[in-house]
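Coordinate inspection notes
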Amino acid sequence: MYVEVSNVKKSYGEGGSYVEVLKGVSVGVERGEMCVIQGTSGSGKSTLLNCIGGLDDIDSGSCKVDGLEIAGLKKDKLSDYRRDTLGFIFQFYNLVPNLTVRENIEVCRYLTKDPLDMDELLDTLGLKEHADKFPSQLSGGQQQRTAIARALIKNPKLLLCDEPTGALDSKTSRDILILLEKINEKYGTTMLIVTHNNSIKNMVHRVIFLKDGEIAKQYTNEKRVPARELEDL
Amino acid sequence: MKNPLIKRIPKELVAEWHKYAVIVIFMVLMIGVVSGMYVGHDSLMASINAGPEEFNLEDGCFELKKKASQELLDDLGKGEMADVRQYFIDKGIKEADGEVAKAIDDNLNEEVTQAIEDGVREQCKAYGITDEQMIKEQIDTALEDNLEDAIEEARKSEDFKKAVEDAYNEAHEEVIKAVDEEWDEIVKRYDLDEESFISVPITIYDHFYREEAEDNNNDGIKDATIRIFKSDSAIDKAAFNAGRAPETDTEIAIDRMHASNAGVEIGDTIRVGNKKFEIVGLLSYVNYLTLHESNTDLMFDSFGFDVAMLTPAGFDTLTSRVHYEYAYKYEEKTEDKIALADMGSRFLKSLITQTLVYDNEIEDFLPEYLRQASNFAPSDIDGDSTTTAVLCYILIAVIAFIFAITINNTIEKEASVIGTLRASGYSKGELIVHYMSMPVIVTLIGAALGNVLGYTAFRNLMVSLYYESYSLPPCGLVWSKTALIKTTIIPLILMFLINLIVIVKKLQLSPLRFLRHDLTTSKRSKARRIPAWSFMKRFRLRILFQNIPNYIVLVFGVIFIELMICFAFGLPDSLNNYADKASEMMFAEYQYMLMGSKDSDNEVIETSEETAERFSAKTLLYPRNNDVSKMRAFGSGKDESITVYGIADNSSYITLGAEGAYISSAFSKKYGLGAGDEISLHEEYENKSYSFDIAGVVDYEGGLAVFMDRNSFNERFDMDEDDFSGYFSRNEIKDIDEEYIATVITADDMAKVTVQLMHSFGAVIDVFKYVLVVLAAALIYLLAKIIIEKNEHSISMVKILGFLNGEIGSLYILPTAIVVIIFAVAGFAVGYSLMIYLFKVIMLQMDGYFMFYMKPESMVLSVVYLLIGYAFVSVIDYFRIKKIPMDVALKNVE
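Below or above, wherever it landed, is the structure these notes cover. (Residues numbered from 1 in each chain as written. Chains lettered and ligands numbered in written order. Predicted model: local features only at pLDDT ≥ 70, side-chain atom pairs only at ≥ 80, totals over all residues. Heavy atoms only, no water.)

1. What about the packing of helix α11 (residues 415–424) of chain B against helix α12 (residues 428–455) of chain B?
Two quantities define a packed helix pair, namely the angle between the helix axes and the distance between the axes. All names here are of chain B. Contact pair α11 / α12: the axes reach a minimum separation of 10 Å and the direction vectors enclose 140 degrees. On the basis of their axis angle, the class for α11 and α12 is oblique. Together, I418, L421 and R422 of α11 and K428, L431 and Y435 of α12 make up the contact between the two elements. Here the residues of the contact of α11 with α12 sort into four nonpolar, no polar and two charged. (Axes fitted to C-alpha atoms, helices over the stretch in contact; angles between N-to-C directions. Helix = DSSP H or I, 4+ residues; strand = E, 2+ residues; numbered from the N terminus. Parallel < 35°, antiparallel > 145°, perpendicular 65-115°, else oblique. Contact = heavy atoms within 4.5 Å. Nonpolar A, V, L, I, M, F, W, Y, C, P; charged D, E, K, R; others polar.)

This is the structure:
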């Protein structure tokens, strides 16, 4: 398994405000797989993603990515891990407002010795003509494409996407999903996608349902629907 | 129902307590200092302003060479000009009458003698006597027997009487003719051509004084010059800070400031001249609020100069010469400076003409409005308050802008909240009031605490600072409405307006744009192009562009602080430089100015000192082109006093080039004069000017002077060929009686200005330096904090992406560091140039010359001090960046 999560527990607060968000979750994702994590609000899907991304520590259990145990890593090692392995895409893009599209992408290019070709990526993502614009001068879809480009420029082995289409209309959502699909095919990038959207599960290899901090269901799609054919996005 | 947004304010204050604490401390200190300055100022000024009436301050004074006769005083009291023409005619006639009488006597004697001799020769011839020896004997006998009678008889003759009358008439006519011929020149010389001279009636008071050597510790070495007045003086009286006036002839009261500097107290015994006195009082003379020995001194000298009070009996026990100073008060009262200047100049005419006709000489004349000793302190106290207030406003404006930037930042952060509130029905006005409340509350807290401190600790501090420099009378606490207006109302208005403009401008946008976070007003469709540098450099450049308003405020603050640091370093450096070079500035170790070149027996004053060299000197004035309104700003306000020296040929003290007039380098620098220029100097009490073509510049920084060879000097100023004014000497001259010495100038006299200034400012300047470092650090802290807050989200995001804290620090701290370093250096250059300019402007109003100087290490330290302040801030910033959690970006749900 490329991503191997075993019996991970995570809680917040103390006393009356104590909440156990992950109650011994175990999942595995193979290299090159696209995986959707679905669940209702508060089910723990974003927490699981953050734990895998090294943004949050776990109370117990094990979380390995490409054989590297994330749990217990020191902050600088976690930085190295994120730097070398991960790409992030968020619902609200999290672009640096005072940097242009090209410069936002460069933020991550700076972190790797072997980046993808910037112009090719801009071209692929349809951002070429917007390269010198600031995020505030772009539409939501363009901003999310920029966020994707930023995540992809360092050719990450694992792409973590937290509600990547959550702030987008259905057409733009579809465009973004087509793009993610292409990337997965082209670069073999492993992807973990947290989403509320029920249709997205149809395009990925693996689907995990979380409910109240536990795995309610997980399965592998026998027949994947291409992103362009997804309905009700 | 109250606006629920109000509840946010205390929470905001608690959440951002460190930011507001810095701002409040900043404001409390600034407002406190300025308030203390004003309250101290008003308290001191109330006391100073009560002085003229309470202690009968003169309207002016003059010193005469000899004691004035009652007739002269009576005529001066009338304030009228003397009949100078008649004086010259009477004087001429008196001289002519003597000459005529002598000529008549000689002539009569000769003629009668000849007549007797002729008669005797006739008789001898008739008797056939031819022996010349016998004839001469007969003539001698006849002269002895008859000459007196014959002369007496001749005097009675009508012819003789007529001849005598004719001779006198002719002589008198000649005198009148001569006076009339020279009248134009006399009119010009004494400025007598005013058609309708309006008399200036005055009341004159004897204000005689003596100057003696003061020995504070009775070690036989002179510590200061003490000027002693009598305790029964009806004019220019003293306030007593401690003790009382002397009552016996062995008691003395001395200046409080000088006593403090000299380390003597009531009950101590000091030696004045050759006599010991017990100090019974510490006083402040109403006309000596600063201890200016001479009105043309660049700075007062409360170390080397003292004023004192003795009983008339005590005064008479001293042996030094009496200075016949007379103080006067105008019959007509006015406060108007122009009227005072006019009355002063009219009275001077009266004084010049009356002393001329009474054969006395003016040694000194000084209208009170030009008197540095009584006007310097109030002007300085006024000037200090104004300067501090301006500095306070600049800082408050800087803080207001910091607030404005912070609020701008907050509005951007809370855009969706604002959008929602506006969409829900909140009016723009309600939101403006909400966002305005924080700066107003903080200013009010700062102003209130500042005022409390201003009336207590800072007021006492300010007053004590002035008491450390000036000889001020005691003062009480005075309520100052200026302090309230300038330290509370104006800063509030300033803060209110600046923030109002910024907030109103920001809240002009529609609710929808707030909801969409679309708050940019820039119309640019593309980003500003930047050079193809490395990514990190370009990232930093973007951060710099993003924070331009912050950096503008920062640059403004840095330049302002650098200016202050230049002053803090430059003033002591300039003083030390002057003190260090004082001995080099003297062309002779001792410069003796004599009362005249001859002693009371009309013998030339000689010395056996081998290094002594005679010189001639005269003080003339160089026009300063000041108007009356500027007169009280600094200095005496009169035209610049220039010493013109006549130097001996082959002088061992001053080397002059070819023939001509040379000016001192200080004179050259102060007025931008050089070889080839022509200057015109004029007499102080006569309307007489002298032009000089400058042949070159002599390297002499010790004073404003013109040098020429002694022969040319004596010829130019109608002096006898052998006349001289004093001696230059390398060693002390001990064989000239003190009564013939007017002044002795040594290197210590040159350095006294620096000693005084260092005493007045030394300790404050050191504190000032550290305050500036804190001020700089606080200012940068506030602005850097805003920059980091503004980028908190991005910082969190790049952390998620894997950037290390060091890399993030270099991204967000380095641009500020670069700005601070560049503008610390540039600010220093601006501050340094500005200080040189300001110094020059001040010097042009003051008497003498003093160059602004900064040591190279001080220049470096000026920048380093600011950077040290910044270094602390950058460490805080680094930890602040380190503390930003990654969930700032993760929690972003906007």
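2. Focus: the nonpolar core
I52(A), L158(A) and L180(A) are the most contacted members of the largest nonpolar core, which totals 189 residues. Summarising the domain contributions, this core has at least three residues from each of domain 1 (1–55 + 375–520) and domain 4 (535–584 + 750–894) of chain B. Dropping the residues within four chain positions of it, I52(A) is found in contact with V3(A), V5(A), C63(A), V65(A), I70(A), Y81(A), L86(A), L158(A), L160(A) and L192(A). (Core = buried A, V, L, I, M, F, W, Y, C linked by side-chain atoms within 4.5 Å. Buried < 20%, exposed > 50% of the residue type's maximum accessible area, 1.4 Å probe, protein only. Domains from an automatic or database assignment.)

3. With respect to the sheet that holds strand β5 (residues 68–69) of chain A
Residue and element names in this part refer to chain A. Read across the sheet, four strands follow the order β2-β1-β4-β5 without closing on themselves; strand pairing throughout is antiparallel. Each end of this open sheet is capped by a strand with a single partner; those strands are β2 (19–29) and β5. Relative to strand β4 (residues 60–65), strand β1 (residues 3–12) runs antiparallel, the two being bridged by five bridges. Each bridged residue has a counterpart across the sheet, and for S6 the counterpart in β4 is S62. (Pairing = 2+ DSSP bridges.)

4. Describing the pattern of salt bridges
Opposite charge on two side chains makes pairing possible when the charged atoms of those side chains draw close. Residue and element names in this part refer to chain A. Tallied over the entire structure, the rule returns 30 salt bridges over all chains. A salt bridge links D57 to K10; the shortest N-O distance between them is 3.2 Å. Separated by 47 residues along the polypeptide, D57 in the loop between α1 (45–52) and β4 and K10 in strand β1 bring together distant segments of the chain. By relative accessible area, which is 53% here, D57 ends up exposed. What emerges from the salt-bridge pattern is a single network uniting K10, D56 and D57. (Salt bridge = Lys/Arg side-chain N within 4 Å of Asp/Glu carboxyl O.)

5. Some details on the packing of aromatic side chains
Pairs of aromatic rings are described using the distance from one ring centre to the other and the angle between the two planes. Residue and element names in this part refer to chain B. All told, the structure shown has 43 aromatic pairs over all chains when counted by the stated rule. Centre to centre, the rings of Y455 and W479 are 5.9 Å apart; their planes meet at 15 degrees, and the pair counts as stacked. Of this pair, Y455 sits in helix α12 while W479 sits in the loop between α13 (457–467) and α14 (481–506), and the two are 24 residues apart along the sequence. Of the aromatic side chains, those joined through ring pairs into one cluster are F62, F208, Y324, Y326, Y328, Y330, F347 and F365. (Phe/Tyr/Trp six-rings, centres within 6.5 Å; stacked < 30°, edge-to-face > 60°.)

6. Overview of the interface of chain B and chain A
Of the residues lining the interface, 33 residues belong to chain B; the matching set on chain A comes to 30 residues. Around 2700 Å² of area is buried between chain B and chain A when both sides are counted, 59% of it from carbon and sulfur atoms. With a shortest N-O distance of 2.4 Å, E106(A) and R538(B) are connected by a salt bridge. Grouping the amino acids of the side of chain B that touches chain A by side-chain chemistry returns 17 nonpolar, eight polar and eight charged. (Buried area = accessible area lost by both parts, 1.4 Å probe.)

7. Regarding unusual backbone geometry
Within the chain, D66(A) stands out as a residue other than glycine whose phi angle is a positive 55 degrees. Looking at the element boundaries, D66(A) is found in the loop between β4 and β5. Among the residues examined, D66(A) registers a relative accessible area of 39% and is labelled partly exposed. For N56(B), which is not a glycine, the phi torsion comes out positive at approximately 50 degrees. Along the chain, N56(B) turns up in the loop between α2 (17–54) and β1 (60–64).

8. As for helix α16 (residues 535–546) of chain B
Residue and element names in this part refer to chain B. Helix length check: α16, at twelve residues, gives a terminal C-alpha distance of 16 Å against a target of 16 Å (1.5 Å per residue), a fit within 8%. Across the twelve residues of α16, nine count as buried, placing the element largely inside the fold. Residues F535, M536, R538, F539, R540, L541, R542, I543 and Q546 constitute the buried set of α16. (Expected span 1.5 Å × (residues − 1).)

9. Points about the sheet that holds strand β7 (residues 158–162) of chain A
Each strand in a sheet pairs with another by means of backbone hydrogen bonds, the pair being arranged parallel or else antiparallel. All names here are of chain A. Pairing is mixed in the open sheet, where six strands are placed in the order β6-β7-β8-β3-β9-β10. Two strands close off the open sheet at either side, each with one partner strand: β6 (86–90) and β10 (214–220). The sheet shows a mean angle of 15 degrees between the axes of neighbouring strands, taken without regard to direction. Relative to strand β9 (residues 206–211), strand β3 (residues 34–39) is paired through five bridges, and the arrangement is parallel. Looking across to β9, one finds that C35 is bridged to R206. Along the sheet face, helix α5 (residues 140–152) touches β6 and β7 and points at about 170 degrees away from the line of β6.

Geometric descriptors of this kind do not, in isolation, establish any biological role.
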